[in-house]
Amino acid sequence: MQDFQFNFNVSSFNEIFPFYILIDKNLQIVSLGKSLQKIIPSLTENSLFTEVFSVERPHITSFSLENFKDTIETLVVLKSTLDTTISLRGQINRHNEHYLFIGTPWFKSMENVIEKKLTLHDFAIFDPLLDLLHVLKNQEINNHELKELLDTVNSQRKKLKKDKEELNKISLVASANKNGVVFTDPMGKIFWCNQSYLDLTGYALEEIIGKTPIQIGKCDLSTPEELQKMVTAFFKGEFFNVEGYHAHKYGNPFWAKIKGQPVYNEEKKLVQYFAIVENHDDEKEKEEQLSVLSSIAEKNINSVIICNKDGLIEWVNDSFVEMSGFNKTELIGKKPGHLLQGPESDLETIQYLANQIQKGLPFSCEIINYSKNKKKYWVRIQGQALHNKNGEIIKFFAIEEDITLEKEFNQQLIESENRLTSLIENLQSGILLEDENRKIQIVNKKFCTMFGIQVEPELMKGVDCTLAAEESKHFFKNPDQFLERIDVILKDKKNIISEEIELIDGRIFERSFLPIYKEGKYAGHLWSYDDVTLQKRYKESLEAERQKYSSIIANMNMGLLEVDNNDVVLFANQSFCEMSGYSLLDLLGNKASDLVMSEEGKNIIENKNTIRTKGVSDSYEITSKTKTGEIKHWLISGAPNYNLNGEITGSIGIHLDITQQKNLELQKEQLLKKLEKQNEQLNQYAQVVSHDLKSPLRSIHSLITWIKEDNAKEFTEQTSQYLSMIESKVEKMDHLIQGILTYSKVDTEEVTEEKISIQEVVENCINIIHIPENIKVHIQNTLPVIQADKFRMQQLFQNIISNAVNYIDKPEGVVTIDCKEKTNSYVFSIADNGPGIAKENQEKIFKIFQSFTNNQQSTGIGLSIVKRIVDNYRGKIWLESELKIGTTFFIKLPKN
């Protein structure tokens, strides 16, 4: 029988394992796969392996020579310390005096592959990552229909109000348009759309009218920048042209191009908007396909060349320039053969290329080319003609692969095969390869060691294994059974995987048998022996641990219940029995919900068991009944239970008795209801007190007015001054009562949340507040639209602006209102050039009745109301102030 040898040179080994690493016994890198050098250019030979890679699996905190052995003969995941984006997944095995890593990169997306400039030829043919390279790019098709429609609408804009007939024509155009057409009011709310828009979005007409295009079109894939462009254009009354993903009510979002046009009346006032929505899914897909194909051609490691119908070069990629040594200017317009072929270029191959090109047929060949500096190299050329729709040749396309190394490495194939044989001989499994006559072909050192054979493996080639098995049977616990089993296996000639056999010295081996066929004919077999004594002992230890933890579970304080997929009890610990009042015998074989659940509880348990079959774990509360009928509240944490094959066989639940906590919650709810009633009574009392206090104050004010009118001539100047002071105090008392009433209502009055313009709110406040002529109040920038209660915002800004105006003591007063938008909030600022606030008083001014001024109108309540409103919106208020210079209040309100 022929002796099989597996020898590989570096080139062929690279074809099979292009990401290999060969490491010497000092962990210095001796050799690298060509593709690995490409994705990590800074990785070089002679680098220390433990310095350029870390180990993610198995987990090794500090990778060194001492713990390197932990990575051998197991699945490893290596991470490059030179490029942290690169991870390798594979296995490290001993190879003679070296170690050999064989694996592949662990990319998570196609972008990683393109980023590293990898192509089809950088991977082994069997590598699953090749599927990532099957990506296409799209070509964009310009659509001028929108522009034509916009031109038509713009030309007729001035006639819309005067000419009903023309308007009807435009309406018909919009209705019949295959693209979506919508009309909105100046605030962006849709009042009309055509049927195409309903078809595009999946919504009914009544679901669209009154909403904005953003509300209809926004989805998880929408780009905030494009949405902001549309919003900004609406507010500015400008034309917009945006594109991005548009929502669909039922289906997936589609790629849309949206163009909007404002419509003005004769007074140049914005009266409405209209927009065209086009579905560009096909164009987007073609664009992406074109981009991928273009990238593949441009970034391809192989040379790509395109010639015109006369064979003159029109375009080459960078790889072609690099391989040939000519720049693009020197190549364009030339024939490739005239530049690249030389003395050793095969004449028959040259003639073959000329004939195929002349006939417009595909061509594939290998030929010697010469670079610009006359350096010789081998290329494999594959190309074909490109035809137009009439079948006429318009261009020629070819890919040239540099195979110089492949040609050179063919001579090293035998050496590589020898290295592979050496690798097999040094595996940590005992390997025995026999021919069909049971003559030894290959045996490795590990096999000899396992069976105490004192002969070198090379000397055992040709030995009859029948005699060897007879001599080795004394190693096994059942010698005769060992020989009989071998005869059965050889007779059946079927794969045997990890069959366990026990040796007389206590060791345990796993034996595998693999029959070998060549062209359908039996050609021998391979035996593999692995010493699994440690693994076996580990499993036994693991079983002991399982028994120990089972005992712990059975006696823990929380109830544990295991049921099958039909809710039939398989196991319950002692705590569950005590909680439910049932014994283990009562529970086993019965449905748990029938014993301990009410009808409502049974429905909940049935639902939970259903989601367990989908692999879902969760926690929930449930009301149960014990064997004696006592009602209990349980908190259950449930999870699916799996068998060794990963199949869900039922569920496991941990039960905690929370009856006492539930009773406390009921007491808490009763207290909250009582407190709510008391708050309502206090509010009513505040209203009554306010009315009762204001009534005598109004009477006092009226009496003083009458006294002054009846005795104006009789009073002295001092008496008149005293009466004026009384009026001032009465008025201040009235403001104080009104402020207290407002302060008490901040948290109690109903709040209506809506989108409101703070710009409008502030402008309204400025119009309401009495502002002296020497004081100017202005808004720095346009204030935003937020989700809030309009009345509360009116209270907030009116109080704080009034506060700023009232306390200004300069001849020329200035109050500036501004807003800065943050990621999750808006920060408003109200700055004045008043007297300023001392540092020790800056925290106190937000407390009720705190006033640090002689202003007669000050009640000490205004800023307290502002503080409560800001707190209700989970915001923040603070100030920066300098005496005699002025004060700036900052109000931070979160975005909803």
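Residues numbered from 1 in each chain as written. Predicted model: local features only at pLDDT ≥ 70, side-chain atom pairs only at ≥ 80, totals over all residues. Heavy atoms only, no water.

### Details of the overall build of the protein
So, step 1. The number of helices and strands found in the protein is 30 helices and 33 strands.
So, step 2. When burial is assessed residue by residue, the protein has 40% of its 896 residues classed as buried.
So, step 3. Of the contacts formed within the protein by residues at least 6 apart in sequence, a portion of 51% connects residues at least 24 apart.
So, step 4. Entry remark: accessible area of the protein is about 52,300 Å², with carbon and sulfur atoms responsible for 52%. (Helix = DSSP H or I, 4+ residues; strand = E, 2+ residues; numbered from the N terminus. Buried < 20%, exposed > 50% of the residue type's maximum accessible area, 1.4 Å probe, protein only. Contact = heavy atoms within 4.5 Å. Areas by Shrake-Rupley, 256 points an atom, 1.4 Å probe, with all protein chains shown as cover.)

### Details of unusual backbone geometry
So, step 1. Notably, leucine 27 is not glycine yet its phi reads approximately 65°, a positive angle.
So, step 2. Backbone geometry places lysine 884, a non-glycine residue, at a positive phi of 70°.
So, step 3. Position of lysine 884 among the secondary structure elements: in the loop between strand E32 (876-882) and strand E33 (886-894).
So, step 4. Lysine 884 sits in the exposed class, given a relative accessible area of 70%.

### Regarding a nonpolar patch on the surface
So, step 1. Together, Met187, Phe235 and Val785 make up a nonpolar patch on the protein surface, roughly 340 Å² of accessible area in all.
So, step 2. By the element assignment, phenylalanine 235 lies in helix H10 (residues 224-236). (Patch = residues over 30% accessible without salt bridge, like charges linked within 9 Å, V, L, I, M, F, W, Y side chains within 5 Å. Salt bridge = Lys/Arg side-chain N within 4 Å of Asp/Glu carboxyl O.)

### Topic: the environment of glutamate 562
So, step 1. Of note, glutamate 562 is situated in strand E22 (residues 559-564).
So, step 2. With a relative accessible area of 22%, glutamate 562 lands in the partly exposed category.
So, step 3. Distance from glutamate 562 to asparagine 641, taken between C-alpha atoms, is 8.4 Å for residues 79 residues apart in sequence.
So, step 4. In this structure glutamate 562 touches Val568, Val569, Leu570, Phe571, Asn641, Ser651 and Ile652, once residues within four positions along its chain are discounted.

### What to know about the nonpolar core
So, step 1. Of all hydrophobic cores here, the largest spans 40 residues; its most connected members are Ile758, Met793, Phe797, Ile800, Ile801 and Ile891.
So, step 2. Filtering out sequence-adjacent residues up to four positions away, methionine 793 remains in contact with Ile756, Ile758, Val761, Ile786, Ala788, Ile869, Tyr873 and Leu893.
So, step 3. Ranked by size, the runner-up nonpolar core spans 29 residues in total, among them Phe68, Ile72, Leu88 and Phe101. (Core = buried A, V, L, I, M, F, W, Y, C linked by side-chain atoms within 4.5 Å.)

### Digging into the pairing of strand E24 (residues 618-625)
So, step 1. Relative to strand E25 (residues 631-642), E24 runs antiparallel, the two being bridged by eight bridges. In the strand pairing of E25, threonine 623 is matched with histidine 633.
So, step 2. The loop that links E24 with its antiparallel partner E25 comprises five residues; one of these, glycine 629, has a positive phi angle of about 90°. (Pairing = 2+ DSSP bridges.)

### Notes on the pattern of salt bridges
Opposite charge on two side chains allows them to pair when their charged atoms are near.
So, step 1. All told, the structure shown has 31 salt bridges when counted by the stated rule.
So, step 2. With a closest N to O distance of 2.7 Å, lysine 372 and glutamate 330 form a salt bridge. Taken as a pair, lysine 372 in the loop between strand E14 (363-370) and strand E15 (376-387) and glutamate 330 in helix H13 (residues 328-331) lie far apart in primary sequence, 42 residues in all.
So, step 3. We note a salt bridge from aspartate 818 to lysine 820, for which the minimum N-O separation is 3.9 Å.

### Quick look at the sheet that holds strand E11 (residues 270-279)
So, step 1. Spatially, the five strands line up as an open sheet ordered E8-E7-E11-E10-E9, and their pairing is antiparallel. Each edge of the open sheet is held by one strand with a lone partner, namely strand E8 (190-193) and strand E9 (240-246). Neighbour to neighbour, the strand axes of the sheet diverge by 25° on average, direction disregarded.
So, step 2. Of the pairings in the sheet, the one linking strand E10 (residues 254-264) to E11 comprises nine bridges and is antiparallel in character. For valine 263, the partnering residue across the bridge sits in E11 and is glutamine 272.
So, step 3. On the sheet, H10 packs against strand E7 (180-184), E9, E10 and E11 and is oriented at approximately 140° with respect to E9. (Axes fitted to C-alpha atoms, helices over the stretch in contact; angles between N-to-C directions.)

### A look at the confidence of the model for the protein
If pLDDT is low for a region, its predicted coordinates should not be looked at in detail.
So, step 1. Residues with a pLDDT of 70 or more make up 80% of the protein, whose mean pLDDT is 79.
So, step 2. Considering each helix and strand of the protein separately, the mean pLDDT is smallest for helix H6 (residues 164-176), with a value of 50, and largest for strand E31 (residues 825-832), with 94.
So, step 3. Across residues 132-146, where pLDDT falls below 50, the model places 54 contacts with residues more than four positions away in sequence or in other chains.
So, step 4. A low-confidence stretch, residues 160-169 (pLDDT under 50), is modelled with six contacts involving residues beyond four sequence positions or located in other chains. (pLDDT = per-residue confidence, 0-100.)

### Description of the side chain of histidine 525
So, step 1. Along the chain, the position of histidine 525 falls in strand E21 (residues 521-531).
So, step 2. Side chain to side chain, histidine 525 and glutamate 434 meet in a polar contact 2.5 Å long.
So, step 3. Here the side chain of histidine 525 touches tyrosine 522 through a polar contact of 2.5 Å, side chain to side chain.
So, step 4. Those residues in contact with histidine 525, other than ones at most four positions away along the chain, are Leu432, Leu433, Glu434, Asp435, Arg438, Leu490, Phe513, Leu514, Pro515 and Ile516. (Polar contact = N/O pair within 3.5 Å; in protein donor to acceptor, adjacent residues only side chain to side chain.)

### So, the side chain of asparagine 573
So, step 1. Within the element layout of this structure, asparagine 573 appears in the loop between strand E23 (569-572) and helix H22 (574-580).
So, step 2. On the basis of relative accessibility, which here comes to 1%, the residue asparagine 573 falls in the buried class.
So, step 3. Of the polar contacts made by the side chain of asparagine 573, one reaches the backbone nitrogen of leucine 560; its length is 2.9 Å.

### Concerning the sheet that holds E14
So, step 1. Reading across from one edge, E13-E12-E16-E15-E14 is the order of the five strands in this open sheet, with antiparallel pairing throughout. Looking at which strands have only one partner, the edges of the open sheet turn out to be strand E13 (313-316) and E14. The sheet shows a mean angle of 30° between the axes of neighbouring strands, direction not considered.
So, step 2. Sheet analysis places strand E12 (residues 303-308) next to E13, joined by three bridges and oriented antiparallel. Paired with isoleucine 305 across the two strands is valine 316, which belongs to E13.

### Here's the deal with helix H15 (residues 347-359)
So, step 1. The first and last C-alpha atoms of H15 sit 18 Å apart over 13 residues, in line with the 18 Å expected at 1.5 Å per residue.
So, step 2. By the burial criterion, the buried members of H15 are Thr349, Leu353 and Gln356. What you see down the axis of H15 is that its buried residues fit within an arc of 70°, all on one side. Turned more than 90 degrees away from the buried face of H15, the exposed residues are Leu347, Glu348, Gln358 and Lys359.
So, step 3. Tucked into the core, H15 has its buried residues touching E14 and E15.
So, step 4. A distance of 3.3 Å separates the backbone nitrogen of glutamate 348 from a side-chain oxygen at the start of H15, and that oxygen is part of aspartate 346.
So, step 5. Taken from the residues just after H15, glycine 360 is the one with a positive phi, measuring 70°. (Expected span 1.5 Å × (residues − 1). Arc of directions from axis to C-beta.)

### As for the packing of aromatic side chains
So, step 1. With the rule as written, the count across this model stands at 24 aromatic pairs.
So, step 2. Ring geometry for phenylalanine 234 and phenylalanine 240: centres 5.6 Å apart, planes at 40°, overall tilted.
So, step 3. Residue classification places phenylalanine 240 among the buried residues on the basis of a relative accessible area of 4%.
So, step 4. Relative to phenylalanine 482, the ring of phenylalanine 476 has its centre 3.9 Å away and its plane inclined at 15°; by these criteria the two rings are stacked.
So, step 5. Phenylalanine 482 gets classed as buried once you look at its relative accessible area, which sits at 7%.
So, step 6. By the ring-pair criterion, three or more aromatic residues cluster together here, those being Phe447, Phe451, Phe475, Phe476, Phe482, Phe509 and Tyr529.
So, step 7. Looking at lysine 407, its charged tip hangs above the ring of tryptophan 378, at a distance of 4.6 Å from the centre. (Phe/Tyr/Trp six-rings, centres within 6.5 Å; stacked < 30°, edge-to-face > 60°. Lys NZ or Arg CZ within 6 Å of the ring centre and 35° of its normal.)

### Quick notes on helix H28 (residues 758-768)
So, step 1. Along H28, the positions that sit buried rather than exposed are Ile758, Gln759, Val761, Val762, Cys765 and Ile766. Angularly, the buried residues of H28 cover 165° about the axis, an arc narrow enough to put them on a single face. Facing away from the buried side of H28 by over 90 degrees, the exposed positions are Glu760 and Asn767.
So, step 2. On its buried side, H28 packs onto strand E27 (754-757), strand E28 (775-779), strand E29 (785-788), helix H29 (790-806), strand E30 (813-821) and E31.

### Quick notes on the environment of asparagine 896
So, step 1. Note on placement: asparagine 896 falls in the segment after E33.
So, step 2. Judged by relative accessible area, asparagine 896 falls into the exposed class, the value being 65%.
So, step 3. Taking the C-alpha atoms as reference points, asparagine 896 and alanine 788, separated by 108 residues in sequence, lie 8.8 Å from one another.

### What about the packing of H28 against H29?
So, step 1. As a packed pair, H28 and H29 sit with axes 9 Å apart at the nearest point and diverge in direction by 50°. On the basis of the axis angle, H28 is oblique to H29. You can see that H28 and H29 cross each other, and the crossing is right-handed. Judged by residue contacts, Ile758, Val761, Val762, Asn764, Cys765 and Ile768 of H28 engage Lys790, Met793, Gln794, Phe797, Gln798 and Ile801 from H29. (Parallel < 35°, antiparallel > 145°, perpendicular 65-115°, else oblique. Left-handed = near helix turned anticlockwise from the far one by under 90°.)

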